[in-house]
Amino acid sequence: MLFRLTIAFTALLTACHTPKPVVALALPPRWKASPECAKAKGPVKVDVSLASSTAQLLAKDGTVLAEMDVSPGVEGHPTPTGEFRVTEKLPLKRSNLYGQYVKTGTEEVVVARAWEHEGPPPEGTAYLGIAMPWWMRLTSDGVGIHVGGFERGKPTSHGCIRCPDEGQKVLYEKCRVGTTVRVHEEAHEAHSLLAPAE
């Protein structure tokens with residue numbers, strides 16, 4: 001009996017003193033506009049640093065008008081680097097590569113990741129592409145900048161540059177077809193409007 005009590009007491013002490021694992025909280029993306037952003041007129045450019053996973057909206061003279069966290073492509077689907085021009089702007093675009101099969105009429109999801117589905121679409125379904133609000137196309141093969149959910153500091157896309165909603169709306173409003181977008185592996189040359197990453 002004493003032996004059983006000793007084991008039970010030891011188990012209780014171990015349970016009370018074993019530290020619980022620390023669960024990291026997801027960091028939401030940040031964005032910030034400078035006071036000059038609202039009144040800025042004329043040409044702008046966009047500078048995307050894959051090193052910091054941030055995008056800056058720059059005035060012609062290089063002044064930072066706005067900055068936001070972004071999420072580039074995952075391993076195997078990297079975001080291309082280089083200098084691009086915005087070739088298309090749409091307030092809402094739906095992906096023709098990534099989407100779901102949904103029941104016709106109800107839009108109940110039948111196949112959540114249609115791009116992984118083999119064979120014909122399930123009977124009674126229609127394809128519904130993933131929504132990409134405030135779309136700005138960079139390449140002819142479907143890479144662009146758009147709103148998309150993500151955790152700060154984590155790549156999540158298949159090559160596109162995902163942005164927080166409010167920040168991307170500002171970018172969309174200030175950019176035009178033909179706006180230069182530079183995507184690179186280095187840090188930004190301009191100062192950051194965002195607080196240091198936590």
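Treat the numbers as computed from the prediction; the structure is a model and nothing was measured.

### Digging into the sheet that holds strand S7 (residues 109–111)
Strand order in the open sheet formed by five strands is S7-S6-S8-S9-S10, with mixed pairing between adjacent strands. Across the chains shown, the open sheet's two edge strands, defined by having one partner strand only, are S7 and strand S10 (161–163). Each strand of the sheet is rotated relative to its neighbour by a mean of 50°, with strand direction disregarded. One ladder, built from 11 bridges, connects strand S6 (residues 88–103) with strand S8 (residues 125–137); its direction is antiparallel. Bridging from a neighbouring strand, Lys-103 pairs with Thr-125 of S8. Sitting on the sheet, helix H2 (residues 165–174) touches S6, S8, strand S9 (144–147) and S10, and the angle it makes with S8 is about 60°.

### Concerning the pairing of strand S4 (residues 64–69)
For S4, the tally of buried residues reaches six of six residues, placing the bulk of the element in the interior. Where strand S1 (residues 31–33) lies against S4, three bridges are found, and the strand directions are antiparallel. Note that in S4 the partner of Lys-32 across the bridge is Glu-67. Summarising the sheet, strand S3 (residues 54–59) and S4 pair through five bridges and their orientation is antiparallel. Considered in S4, the bridge of Thr-54 is made with Asp-69. Linking two consecutive strands that pair antiparallel, namely S3 and S4, is a turn of four residues; a positive phi of about 95° is found at Gly-62 within it.

### What to know about the nonpolar core
For soluble globular proteins, nonpolar side chains are generally found buried alongside one another. The biggest cluster of nonpolar side chains holds 25 residues, and the ones touching the most others in it are Val-48, Leu-57, Ile-145, Ile-161, Leu-171 and Val-181. Only strand S2 (44–49), S3, S4, S10, H2 and strand S11 (180–184) provide two or more residues apiece to this core.

### Concerning the confidence of the model for the protein chain
Model confidence for the protein chain is summarised by a mean pLDDT of 88, while 85% of its residues fall at 70 or above. For the stretch residues 11–15, pLDDT sits under 50, and the model shows zero contacts to residues farther than four places along the chain or on other chains.

### What about the side chain of His-184?
Looking at the element boundaries, His-184 is found in strand S11. For His-184, a relative accessible area of 5% puts it in the buried group. When residues no more than four places from it in sequence are discounted, the contact partners of His-184 are Asp-47, Val-48, Ser-49, Leu-50, Ala-51 and Thr-81.

### Focus on the pairing of S2
Among the six residues that make up S2, five are buried, leaving the element largely enclosed by the rest of the structure. Two elements, S2 and S3, share six bridges in a ladder whose sense is antiparallel. Pairing of Val-46 across the sheet is with Leu-57, part of S3. What sits between S2 and S3 in their antiparallel hairpin is a turn of four residues, with Ser-53 showing a positive phi close to 50°.

### Let's talk about the side chain of Lys-174
Tracing the sequence through the fold places Lys-174 in helix H2. Look at Lys-174: it is buried, it has no salt bridge, and the nearest opposite charge is Glu-173 at 6.8 Å. At 2.8 Å, the side chain of Lys-174 forms a polar contact with the backbone oxygen of Cys-37. Engagement of the side chain of Lys-174 in a polar contact is seen with the backbone oxygen of Ala-40, the distance being 3.1 Å. For Lys-174, the contacting residues outside a window of four places in its chain are Cys-37, Ala-38, Ala-40, Val-44 and Leu-57.

About the thresholds
- Residues numbered from 1 in each chain as written.
- Predicted model: local features only at pLDDT ≥ 70, side-chain atom pairs only at ≥ 80, totals over all residues.
- Heavy atoms only, no water.
- Pairing = 2+ DSSP bridges.
- Helix = DSSP H or I, 4+ residues; strand = E, 2+ residues; numbered from the N terminus.
- Axes fitted to C-alpha atoms, helices over the stretch in contact; angles between N-to-C directions.
- Contact = heavy atoms within 4.5 Å.
- Buried < 20%, exposed > 50% of the residue type's maximum accessible area, 1.4 Å probe, protein only.
- Core = buried A, V, L, I, M, F, W, Y, C linked by side-chain atoms within 4.5 Å.
- pLDDT = per-residue confidence, 0-100.
- Lys, Arg positive; Asp, Glu negative; His and termini not counted.
- Salt bridge = Lys/Arg side-chain N within 4 Å of Asp/Glu carboxyl O.
- Polar contact = N/O pair within 3.5 Å; in protein donor to acceptor, adjacent residues only side chain to side chain.

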